[in-house]
Amino acid sequence: MCGIVGLFSKSDAISERLGELLSKMLVQMNDRGPDSAGVAVYRNPAPAGSTKLTLNAADPAFHWGAVRDSLAAAFGGDPTPDVRATHAVFVVAADEADATAHVRAAFPEVRVMSAGSVIEIYKEVGLPSEFATRFALEDIKGSHALGHTRMATESKVTTLGSHPFSTGHDVCLVHNGSLSNHNGLRENLRREGIEFHTENDTEVGAGYLTWRLREGATLEEGLMGCLDDLDGFYTFAIGTADGFAVFRDPIACKPAVMAETDDWVAMASEFRAIAVLPGAESARIWEPAPATPYVWEGARV
Amino acid sequence: MSTTTEIEVVDLSLTPLRELNQRLHDLAGADGPRSWRITNPSGAHNIACGLDADIDVVVEGHAGYYCAGMNKQARVRITGTAGQGVAENMMSGRVTVDGNASQAAGATAHGGLLHVRGDASSRCGISLKGAAIVVEGSIGHMSAFMAQTGTIVVCGDAGDALGDSMYEAHIYVRGAVAGLGADCIEKELRDVHRAELGGLLAEAGVAGVDVADFKRYGSARNLYTFKIDNTY
């Protein structure tokens with residue numbers, strides 16, 4: 001199963017309530033994915049020349065001060081982290097490659113969840129409703145967000161196996177479905193220099209998009225390429241720096257519903273996740289067609 | 001049985017769904033309110049499933065999966081959109097969706113009428129077993145897959161692979177068909193079909209639609225009859 005939610009704000013009032021609404025949507029998808037939950041939120045752009053990193057440590061008592069000191073020594077500035085449960089967000093005065101390479105070399109036990117200018121990714125094992133409380137999602141303001149609740153079928157229930165998966169600078173992927181050619185594709189993508197950290201099928205889908213975008217494809221081109229290169233079932237939601245996209249496989253057996261009002265655009269696996277949004281009863285509601293990219297851009301970051 | 005004009009209102013934000021469905025089930029062959037209004041459905045699944053009573057139920061808002069599934073006798077109307085499998089396996093009665101319906105609307109339905117005022121998504125009328133489905137908008141891909149008997153009327157367009165591997169259901173489409181599935185072909189629209197089509201449009205209350213604008217699709221009967229070439 002798995003549940004997907006996405007919310008794109010078109011008004012200040014919704015941006016102010018983004019985390020609260022995202023949390024409500026996610027909790028509605030509790031029983032579609034009780035294993036793990038995760039969100040990507042887009043907010044607080046890092047200054048030009050800096051990179052925003054979301055890091056995770058398996059140990060909840062991990063001492064983030066050591067990471068701050070190391071980053072300050074390497075790149076200067078004051079990268080004080082914003083700690084949220086097992087995750088910490090740092091703004092580092094370096095480009096993405098240097099910042100992530102430094103963290104990986106100096107702190108091999110720390111995982112890089114996301115890197116970019118505006119993206120933050122939080123994900124953990126456990127019930128989505130507990131995740132929402134533990135990560136204080138209600139406090140978060142921002143322009144747009146994706147969420148995922150996982151019922152694992154293809155790989156272990158771990159923090160790293162949870163969604164969203166980062167697919168490069170400010171881009172991430174959440175997935176409902178399963179890919180059956182992920183082992184072969186993973187090996188091909190490794191030869192192209194794409195790194196993988198799990199045996200998860202969705203990570204391969206994310207790696208595929210990372211590779212296509214790196215090679216110059218537009219998001220639409222990358223998504224259409226999935227039709228030829230991915231074997232399996234998928235409803236994808238993709239977060240980008242200034243928007244989000246929805247894409248379903250040609251069979252479209254995994255559910256998706258979309259809705260739009262003057263204040264927001266939302267997608268979810270089921271309407272009950274959209275029903276919690278203000279004005280949902282009078283929203284324009286439709287089901288995205290198979291093999292067709294739907295893209296919203298121009299977020300109010 | 002009592003006949004009351006009172007409308008029984010059930011607010012699903014206050015009443016558990018199982019309690020509502022049990023009250024509706026208890027009407028089978030028994031006295032009780034004949035007219036029901038369900039408020040705040042908020043996309044909940046399985047609303048008004050398994051009814052077997054001559055009653056009217058209005059779901060005010062958007063329903064989740066399998067609304068009015070297995071319906072017998074009852075007239076169920078959803079004022080918003082319906083999720084996957086609306087009126088699935090309906091036996092008789094009537095289900096109306098004022099908005100759009102998601103995948104597998106009317107799947108395996110044996111009898112009764114499913115009327116969708118908006119669009120129906122993919123796999124509409126999959127494995128249809130005798131019910132009538134009237135869609136005022138368009139239907140998605142793989143609709144009428146393996147449909148055995150019954151009728152599907154589409155005032156708009158149909159998606160890809162219409163009627164794939166179908167048996168003896170009747171399909172009428174007024175607009176464009178993106179593609180026909182295996183063994184599905186266009187067939188002549190004869191008087192008997194015009195009468196059937198006109199009758200269903202009238203029953204659904206669809207006005208301003210000319211029967212002559214429809215094309216009929218059905219099985220070429222090359223796939224489901226025994227032919228040695230079809231074996232593997």
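Just so you know, these numbers come straight off a predicted model, no measurement behind them.

### Description of the overall build of chain B
Across its full length, chain B carries two helices and eleven strands. Ordered by position in the sequence, the α and β elements of chain B form the string β-α-β-β-β-β-β-β-β-β-β-α-β. At 18 Å, chain B has a C-alpha radius of gyration in line with the 17 Å of a compact globule built from 232 residues. Expressed along its principal axes, the backbone C-alpha trace of chain B runs to roughly 55 × 45 × 30 Å. Across the 232 residues that make up chain B, the buried fraction comes to 53%. The contacts of chain B with a sequence gap of at least 6 include a subset with a gap of at least 24, amounting to 27%.

### Quick notes on the side chain of H87(A)
Residue and element names in this part refer to chain A. Its place among the elements puts H87 in strand 5 (residues 87–92). Within the local environment of H87, its side chain forms a polar contact with the backbone nitrogen of K123, the two atoms lying 3.1 Å apart. The residues touching H87, leaving out its near neighbours within four places in the chain, are T54, L55, N56, W64, D82, M113, I121, Y122, K123, E124 and F135.

### A few points about the sheet that holds strand 7 (residues 129–135) of chain B
Adjacent strands of a sheet pair through backbone hydrogen bonds, lying either parallel or antiparallel. All names here are of chain B. Strand order across the open sheet formed by eleven strands is 1-2-3-4-5-6-7-8-9-11-10, with mixed pairing between neighbours. The strands lining the two open edges of the sheet, one partner per strand, are strand 1 (7–11) and strand 10 (184–187). Averaged over all pairs of adjacent strands, the angle between strand axes in this sheet comes to 15°, irrespective of strand direction. On top of the sheet, helix 1 (residues 17–25) reaches strand 1, strand 2 (35–39) and strand 3 (56–60); it is set at about 170° to strand 2, its chief contact.

### Re the pairing of strand 2 of chain B
Residues and elements named next belong to chain B. With five bridges joining them, strand 1 and strand 2 adopt parallel strand pairing. Paired with E8 across the two strands is W36, which belongs to strand 2. With helix 1 bridging strand 1 and the parallel strand 2, this β-α-β connection has right-handed handedness. Bridge analysis of strand 2 against strand 3 gives five bridges, and the strand direction is parallel. Paired with W36 across the two strands is V57, which belongs to strand 3.

### Focus on the pattern of salt bridges
Residues and elements named next belong to chain A. Within the structure shown, the criterion is met by 25 salt bridges over all chains. Note that K10 and E260 form a salt bridge whose closest N and O atoms lie 2.8 Å from each other. One end of the pair, K10, is in the loop between strand 1 (3–9) and helix 1 (12–16); the other, E260, is in strand 13 (residues 257–260), with 250 residues separating them in the sequence. A salt bridge links E20 to R17, with the nearest nitrogen and oxygen atoms 3.0 Å apart. Judged by its relative accessible area of 19%, E20 is buried. It is possible to trace a salt-bridge network through shared partners that takes in D31, R32, E270 and R272.

### Some remarks on the domain arrangement of chain A
Residues and elements named next belong to chain A. Parsing chain A into structural domains produces domain 1 (3–45 + 138–297) and domain 2 (47–116). Domain 1 and domain 2 are separated by 24 Å when their C-alpha centres are compared. Surface buried jointly by domain 1 and domain 2 totals about 910 Å² across both partners, of which 45% is contributed by carbon and sulfur atoms. Applying the counting rule to domain 1 against domain 2 returns one salt bridge. R43 is paired through a salt bridge with D82; the nearest N and O atoms lie 3.6 Å apart. Our enumeration of links across domain 1 and domain 2 arrives at four residue pairs in polar contact (both at pLDDT 80 or more). Here the residues of the side of domain 1 that touches domain 2 are counted per class, giving three nonpolar, six polar and four charged.

### Quick look at the nonpolar core
Judged by nonpolar contacts, the single largest core of 50 residues is most densely connected at L24(B), I55(B), V57(B), V86(B) and L114(B). Counting residues per element, this core draws most heavily on strand 7 of chain B, which supplies three residues. Among all residues touching V57(B), those that are not within four sequence positions of it are L24(B), W36(B), I38(B), A48(B), L51(B), R75(B), V76(B) and R77(B). Counting 33 residues, the second largest nonpolar core, distinct from the first, contains M25(A), L26(A), I140(A) and A145(A).

So, how was this worked out
- Residues numbered from 1 in each chain as written.
- Chains lettered and ligands numbered in written order.
- Predicted model: local features only at pLDDT ≥ 70, side-chain atom pairs only at ≥ 80, totals over all residues.
- Heavy atoms only, no water.
- Helix = DSSP H or I, 4+ residues; strand = E, 2+ residues; numbered from the N terminus.
- Rg over C-alpha atoms; globule rule 2.2 N^0.38 Å.
- Buried < 20%, exposed > 50% of the residue type's maximum accessible area, 1.4 Å probe, protein only.
- Contact = heavy atoms within 4.5 Å.
- Polar contact = N/O pair within 3.5 Å; in protein donor to acceptor, adjacent residues only side chain to side chain.
- Pairing = 2+ DSSP bridges.
- Axes fitted to C-alpha atoms, helices over the stretch in contact; angles between N-to-C directions.
- Right-handed = clockwise from strand over helix to strand, strands pointing away.
- Salt bridge = Lys/Arg side-chain N within 4 Å of Asp/Glu carboxyl O.
- Domains from an automatic or database assignment.
- Buried area = accessible area lost by both parts, 1.4 Å probe.
- Nonpolar A, V, L, I, M, F, W, Y, C, P; charged D, E, K, R; others polar.
- Core = buried A, V, L, I, M, F, W, Y, C linked by side-chain atoms within 4.5 Å.

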